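Here's the letter readout for the chains.
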Amino acid sequence: MLADLLDRYRPADAAEEGDVERVRKLLTDAEDVWTRAIPLHVTASALIVHPPTGRVLLRWHARQHAWLQVGGHGDPGETDPVAVALREGAEETGLADLAPWPDAAIVHVVIVPVNAKGDEPAHEHADVRFVLATATPDAARPEKPDAPLRWLSIAEALEATSEPNLRETISRVARLIP
């Protein structure tokens with residue numbers, strides 16, 4: 001599934017091409033690209049949009065001390081990155097109507113370094129990013145009290161995050177919103 005999505009995806013620049021090539025190599029070399037047991041593993045995330053208003057939803061991530069998109073690790077046996085992004089999005093926001101928008105194509109691929117924490121060593125996420133839409137933005141509810149959610153305009157979202165890779169994702173999504 002991931003290989004097919006990557007085959008249809010065109011990286012925006014040389015840096016992203018390098019990240020995509022690392023993911024392709026991982027697909028060739030690793031038995032399970034989603035397992036946390038390897039230092040580079042795949043994650044799936046999404047920027048949630050409400051197309052009629054052009055707003056995007058960001059979630060506070062306490063570990064990174066940053067407003068970020070929703071998403072995360074695949075559960076054991078999951079191999080479809082779109083399904084992982086949908087599940088994670090629903091879990092983290094309570095939105096039951098999430099759907100790929102405008103389609104289920106990848107919007108961004110980026111390898112993100114993750115600092116060590118406790119027994120977990122430093123590692124990297126090969127994050128495959130999508131866009132999900134909701135028709136019920138007021139139904140969004142945080143998964144937990146320390147993970148608030150914020151609906152923001154594109155300009156506000158760009159201002160809220162200091163992560164260059166997320167700013168790039170937001171900019172790409174902005175071009176999709178009429």
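Notes on the structure in this doc start here. Residue indices begin from 1 for each chain and proceed along its sequence in written order. Reporting in this predicted model follows two pLDDT cut-offs: at least 70 for local features of residues, and 80 or more for side-chain atom pairs to be given and counted; totals over whole chains, interfaces and linings ignore these cut-offs and use all residues. Hydrogens and water are ignored here; the side-chain numbers use all heavy atoms of the structure.

We now examine helix α2 (residues 14-29). Numbering of helices and strands runs from the N terminus; a helix is a DSSP stretch of H or I covering at least four residues, while a strand is a stretch of E covering at least two. Expected helix span is computed as 1.5 Å times (number of residues minus one). Given a rise of 1.5 Å per residue, 16 residues ought to cover 22 Å, and the 22 Å separating the end C-alpha atoms of α2 matches this to within 8%. For each residue, the accessible area found with a 1.4 Å probe, counting protein chains only, is set against the maximum for its type, and the residue is called buried under 20%, exposed over 50%, and partly exposed in between. Among the residues of α2, those classed as buried are E16, D19, V20, V23 and L26. When α2 is viewed along its axis, its buried side chains cluster within an angular range of 115 degrees and face the same direction. The exposed set on the far side of α2, more than 90 degrees from its buried face, consists of A14, K25, T28 and D29. Contact definition: two residues touch when any of their heavy atoms are within 4.5 Å. In this fold, the buried residues of α2 make contact with α1 (2-8), β1 (40-50), β6 (108-114), β7 (123-133) and α5 (164-174). What the arc describes is the spread of directions from the helix axis to the C-beta atoms.

Once that is clear, we can look at the packing of aromatic side chains. The geometry of an aromatic ring pair is captured by two quantities: the separation of the ring centres and the angle between the planes. To pair, rings of Phe, Tyr and Trp, with the six-membered ring standing in for Trp, must have centres within 6.5 Å; the planes then decide the type, stacked if under 30 degrees apart, edge-to-face if over 60, and tilted in the middle. According to the stated counting rule, one finds 1 aromatic pair in the structure shown. Their ring planes at 65 degrees and their centres at 5.5 Å tell us that W60 and W67 sit as a pair that is edge-to-face. Residue W60 is classed as partly exposed on the basis of its relative accessible area, which comes to 24%. With relative accessibility at 14%, the residue W67 sits in the buried group. The ring of W67 carries the charged tip of R150 above its face, separated from the ring centre by 4.9 Å. The rule is short: NZ of Lys or CZ of Arg within 6 Å of the ring centre and within 35 degrees of the ring normal puts a charge over the ring.

Looking now at the side chain of E78. Here E78 is to be found in the loop between β4 (70-73) and α3 (81-93). We classify E78 as buried; its relative accessible area is 19%. In this structure the side chain of E78 is engaged in a polar contact, spanning 2.5 Å, whose partner is the backbone nitrogen of D75. For E78, the contacting residues outside a window of four places in its chain are W34, H73, V84 and R87. Whenever a nitrogen or oxygen atom comes within 3.5 Å of another N or O atom, the pair is scored as a polar contact, on the condition that within protein one atom can donate a hydrogen and the other can accept it, and that pairs from neighbouring residues in sequence are kept only if both atoms are in side chains.

Tracing the sequence through the fold places V107 in the loop between β5 (99-100) and β6. Spatially, the C-alpha atoms of V107 and P164 are 15 Å apart, while their sequence positions differ by 57 residues.

On to the nonpolar core. By size, the foremost hydrophobic cluster in this structure holds 32 residues, and its most contacted members are V42, I48, I106 and F130. Residue assignment for this core shows that the elements contributing at least two residues are α1, α2, β1, α3, β6, β7 and β8 (149-152). If you tally residues by element for this core, the top one is β1, at 5 residues. Note on terminology: a nonpolar core comprises buried Ala, Val, Leu, Ile, Met, Phe, Trp, Tyr and Cys residues joined through side-chain atoms within 4.5 Å. Counting 18 residues, the second largest nonpolar core, distinct from the first, contains L58, A66, I154 and I177.

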